[in-house]
Amino acid sequence: MDKKEQSLLKFYYEKLLNNTFDEKDLYGFLLGIRYQTKEIRSIQELTDFVLLRDQHQGYVTQSLLETRKKFESLGKTKSAFRIEDVFSFKEIKNGLNKALAAVELAGLSNEQVNDFVACLISILQQVKIIEDDREIGKLYFALSNKQIILMAEVEVTQNLFKKTNAVFPVLTANNSYLDIKKQDRYDTPYLFVDEVVEVTNSAGRLEIIIPE
């Protein structure tokens, strides 16, 4: 990494430290850090997914397609399965801090990493999920009282005559930004299918902007 690249990365890094970071800074930060992440699968794969979007064919896309297959197997086998985020919060935090340590920058706190993941979720909303050149689903921004979620909705074939949609989480962050009423006792998230949500920053605090 040359001196110019270092200065650009430090610019976005300090925005995270000073709580002035928002989704518009995410591309610059990921471009600055990506060459330090070649051995860090979580950050490398997420960076590629952000930059390539529906053209991405790496680990994240393959994970979405594998989860779809598990839904298609329901009723055909007795095997149960548990859905996990593609990368956990801990994996993302450890990956970021390992990459930052490689350029002699201090690690980020849980709150700062949560800001990063919230912006990541916002940037990835509306990405199409493609299999064999055909759209089979899409990613959406979802919000509950406690969590911000990147949610996948995919087409699932149950048999020759019946298709349905499966919805499952891809990435998750804590919702410490917007007080929203619980839909039910399970805190089922609101799914924003038609609206494009924005994660911006105002006076040193992230804000979630939902179009009316």
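Further up the page is the structure itself.
Residues numbered from 1 in each chain as written. Predicted model: local features only at pLDDT ≥ 70, side-chain atom pairs only at ≥ 80, totals over all residues. Heavy atoms only, no water.

Chemist: Kindly report on unusual backbone geometry, identifying the contributing residues and their values.
Modeler: The phi dihedral of aspartate 132 is positive, around 55 degrees, even though this residue is not glycine. Mapped onto the fold, aspartate 132 is located in the loop between β1 (128-131) and β2 (134-143). Classification of aspartate 132 by relative accessible area gives exposed; the value is 71%. One non-glycine residue with positive phi stands out, namely alanine 203, at about 55 degrees. Assignment of secondary structure puts alanine 203 in the loop between β6 (198-202) and β7 (205-209). (Helix = DSSP H or I, 4+ residues; strand = E, 2+ residues; numbered from the N terminus. Buried < 20%, exposed > 50% of the residue type's maximum accessible area, 1.4 Å probe, protein only.)

Chemist: Explain the packing of helix α3 (residues 41-52) against helix α5 (residues 89-102) residue by residue, including any values.
Modeler: At a closest axis distance of 8 Å, the pairing of α3 and α5 adopts a crossing angle of 95 degrees. Here α5 runs roughly perpendicular to α3, going by the angle between their axes. Contacts between α3 and α5 involve Ser42, Ile43 and Leu46 on the former and, on the latter, Glu91, Ile92, Gly95 and Leu96. Partitioning the contact of α3 with α5 into residue classes produces four nonpolar, two polar and one charged. (Axes fitted to C-alpha atoms, helices over the stretch in contact; angles between N-to-C directions. Parallel < 35°, antiparallel > 145°, perpendicular 65-115°, else oblique. Contact = heavy atoms within 4.5 Å. Nonpolar A, V, L, I, M, F, W, Y, C, P; charged D, E, K, R; others polar.)

Chemist: Requested: an account of empty space enclosed by the protein, with residues and values cited.
Modeler: For the coordinates displayed, the defined rule picks out one cavity of 30 Å³ or more. Its boundaries defined by the atoms lining it, the largest cavity holds a volume of some 50 Å³. Lining the largest cavity are Phe49, Arg53, Asp54, His56, Thr61, Leu64, Val127, Lys128, Ile129, Ile130 and Leu139. Every element with two or more residues in the lining of the largest cavity is listed here: α4 (59-72) and β1. No other element matches β1, which puts three residues into the lining of the largest cavity. When grouped by side-chain class, the residues that make up the lining of the largest cavity number six nonpolar, two polar and three charged. (1 Å grid on protein atoms, 1.4 Å probe; cavity = no way out; pocket = protein on both sides within 12 Å on 5 of 7 lines; lining within 4 Å. Points joined across faces, edges and corners; volume = space filled by probe spheres on them.)

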